[in-house]
Every structure is written in structure tokens, then in C-alpha cells.
Amino acid sequence: MTAANASSGMGKVWFIGAGPGDPDLITVKGLRILQEADVVVYTDSLVSDALIARARPDAEVLGSAGMTLEEIVAVLVARARAGKTVARVHTGDPSVFGAVLEQMAMLEREGIPYEIVPGVSAVFAAAAAARVELTVPELCQTVILTRVEGRTPMPEGERLRDLARHGCTLALFLSATLTKKVMAELRAAGWGDDTPVVVVYKATWPDERILRTTLGELDEAVRRAGIRSHAMILAGRALDPELARSSAYRSRLYDPAFTHGYRTGRGEGA
Ligand SMILES: C[S@@+](CC[C@H](N)C(=O)[O-])C[C@H]1O[C@@H](n2cnc3c(N)ncnc32)[C@H](O)[C@@H]1O
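Residues numbered from 1 in each chain as written. Predicted model: local features only at pLDDT ≥ 70, side-chain atom pairs only at ≥ 80, totals over all residues. Heavy atoms only, no water.

### Comments concerning the overall build of the protein
From N to C terminus, the protein includes 8 helices and 10 strands. Along the three orthogonal principal directions, the C-alpha set of the protein runs to about 60 × 50 × 35 Å. The burial tally for the protein puts 45% of its 270 residues in the buried class. Within the protein, residue pairs in contact and separated by at least 24 positions form 68% of the contacts whose partners lie at least 6 positions apart. Element-wise, carbon and sulfur atoms account for 52% of the exposed surface of the protein, whose accessible area totals about 14,000 Å². Counting 31 positive and 33 negative side-chain charges, the protein places the centres of these two groups 2 Å from one another. (Helix = DSSP H or I, 4+ residues; strand = E, 2+ residues; numbered from the N terminus. Buried < 20%, exposed > 50% of the residue type's maximum accessible area, 1.4 Å probe, protein only. Contact = heavy atoms within 4.5 Å. Areas by Shrake-Rupley, 256 points an atom, 1.4 Å probe, with all protein chains shown as cover. Lys, Arg positive; Asp, Glu negative; His and termini not counted. Charge placed at Lys NZ, Arg CZ, Asp CG, Glu CD.)

### Here's the deal with the domain arrangement of the protein
Annotation of the protein at the domain level lists domain 1 (12–117) and domain 2 (122–245). Across the contact, 10 residues belong to domain 1 and 11 residues belong to domain 2. Here domain 1 packs against domain 2, burying approximately 740 Å² in sum over the two surfaces, 77% of which is carbon and sulfur. Applying the counting criterion to the domain 1 and domain 2 interface returns 0 salt bridges. Remark: the boundary between domain 1 and domain 2 carries 2 residue pairs in polar contact (both at pLDDT 80 or more). Its residues assigned to classes, the side of domain 1 that touches domain 2 comprises 6 nonpolar, 3 polar and 1 charged. (Domains from an automatic or database assignment. Buried area = accessible area lost by both parts, 1.4 Å probe. Salt bridge = Lys/Arg side-chain N within 4 Å of Asp/Glu carboxyl O. Polar contact = N/O pair within 3.5 Å; in protein donor to acceptor, adjacent residues only side chain to side chain. Nonpolar A, V, L, I, M, F, W, Y, C, P; charged D, E, K, R; others polar.)

### Brief notes about the layout of surface pockets
Size it by volume and the largest pocket reaches roughly 1,100 Å³. Around the largest pocket, the lining comprises 40 residues; the ones closest to its centre are Leu-46, Thr-91, Phe-97, Phe-173 and Leu-174. Of the residues assigned to the lining of the largest pocket, the class counts are 18 nonpolar, 15 polar and 7 charged. Shared between two domains, the lining of the largest pocket holds at least three residues of each, these being domain 1 (12–117) and domain 2 (122–245). Together, 18 residues line the second largest pocket, and Arg-131, Glu-133, Val-136, Leu-243 and Ala-244 are the ones closest to its centre. Along the lines of polarity and charge, the residues of the lining of the second largest pocket split into 10 nonpolar, 3 polar and 5 charged. (1 Å grid on protein atoms, 1.4 Å probe; cavity = no way out; pocket = protein on both sides within 12 Å on 5 of 7 lines; lining within 4 Å. Points joined across faces, edges and corners; volume = space filled by probe spheres on them.)

Below, the structure is given as C-alpha cells:
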């Protein structure tokens, strides 16, 4: 028994963000818990087997893709009650489209202790792969993480066209098969067909692909590339490839004329 509560004999469930794919992109803490866990339940459709291979050789390892919520939670509850440490490993960061709330609610009802270890979300892996900054000084200072409406309806006021009216950077999860709809929604919000869009398929996986396109070409580009899933769509002016070649946008933080607590005068500090 690892880390079980000594007085109650109760184990614990750890929701761990596995990161976007590359097994080295889990946090140090997440990896430590994974390596110590008695039981590992992981999203086998999206989490790398190479990461799960780092679990203890004698750990009980279960893929959750073919299980229902009730079956998953039944395992988590039973093993924690048996005093086990359970690693429930989710792709990216568990808090973004992670379907962890429903598991936590059931654990709460059953009185099972749990904790969350954050992970690197696909949005940041995609930005890194595309070599972009999602917030560009004085151009766009907001990133909206969302999806276009598919089978899951969007709440009132959160239709993509409503969100896009802000003109900020958009990171679209779960939308690779809905690119026609993405185009229609962004056009309805007044976005021009020349708006830069980057689609990152399987960011950080060996077969990662990066498509640099525009709003007007988005559907065609994604279809031509045969991308149907596992892709992040980043859209907005921050994705303009010209920005990296321009010196027009720079942060005030590092401007020689801008002083702050860590740098009180020109040339002092970093
Ligand atoms: C159920 S959501 C999970 C998101 C995850 N919790 C996160 O923080 O990245 C799955 C969606 O995340 C995106 N995604 C996950 N991993 C990805 C990757 N490695 N590259 C690109 N997109 C990814 C895709 O949009 C996919 O449809």
C-alpha cells in the first residue's frame, strides 16, 4: 500500500494530467505518482503507452476508453477503499474538456479522497509546435479555449460567433471534423478569410503535423491533409507567421524605458 491514510486504511485517487502526448511532458509530480501507484486507469485513446509503461511493473493498469463512467468510478472507489493509490491519468490538463467533474462528484458522494495534478494542455503544446505566442502585446491579450458546437450543445452566449466577436486568439478543441462550421461562425463574427489559422495534429507525437492556413482555406486544408481528429485549431491575428519576422510588437516588460520592481533603471537587471 503506498500513501494510504495510515489511520483509515483509505487510499487516494490522483487525477493526473499526462500532457499532450510526448511522455516527457508530464510534470515531475505526476510522473512520481504514476510510478508509485498501485492502480493506473488511463485514457488509452489519447495517452501515450510509452508513458504508462513507466508505471510499476506490478501495477494494475486499465484503459478507460471502453469503460462507462460508472465502471471507471467503480474501479476508483473499490481500489481506494482497499487502501490503494490510484492514478487516474487524463490527456493534457484534466480541467479542460477532461470529463473529470463527473468522476469527482461521484468520488465526493462515496467519500473517497482525491487530488488533481495539472498537465500541459494541448493548447500549449500546439502553440509550442507552431512556435507562436498566443498573446501578442497590443494586438491580442486574450485567449479563449473553446469548441464549436457539435453533438454537445453550447450554452447561451457561448456560440463561436459570439466569442469570436472579441477578435482575440481562439483555441478550438474537438473541432477538427467541424471546420465548415468553424468557418461559418468566424465569418459571421466578421473575421476575414485572410485571418491566419494554424491546425496542429497530434502535437508532440511522432506523427505531429502542422498546417498553416487561413480562415478561407481552413476546411479545404484540413480535408486535403486527411485530419479528422486529435487536432487543435488556433485562430486569430496572433497566428500571423509574419509576426515572428517583425519587430513591431514587443512587450513593455523588457523595454529599456519601462521600469518595474525587478528593474528600476535603464540597463539594470534582465
Ligand atoms: C477530450 S479533449 C481533451 C483535452 C485535454 N484535456 C487537454 O488539455 O489538452 C480532446 C481534444 O483535445 C485536443 N488534443 C488533445 N491532444 C492533442 C494533441 N496532442 N494535439 C492536438 N490536439 C490535441 C483535440 O482537439 C482533441 O479533440
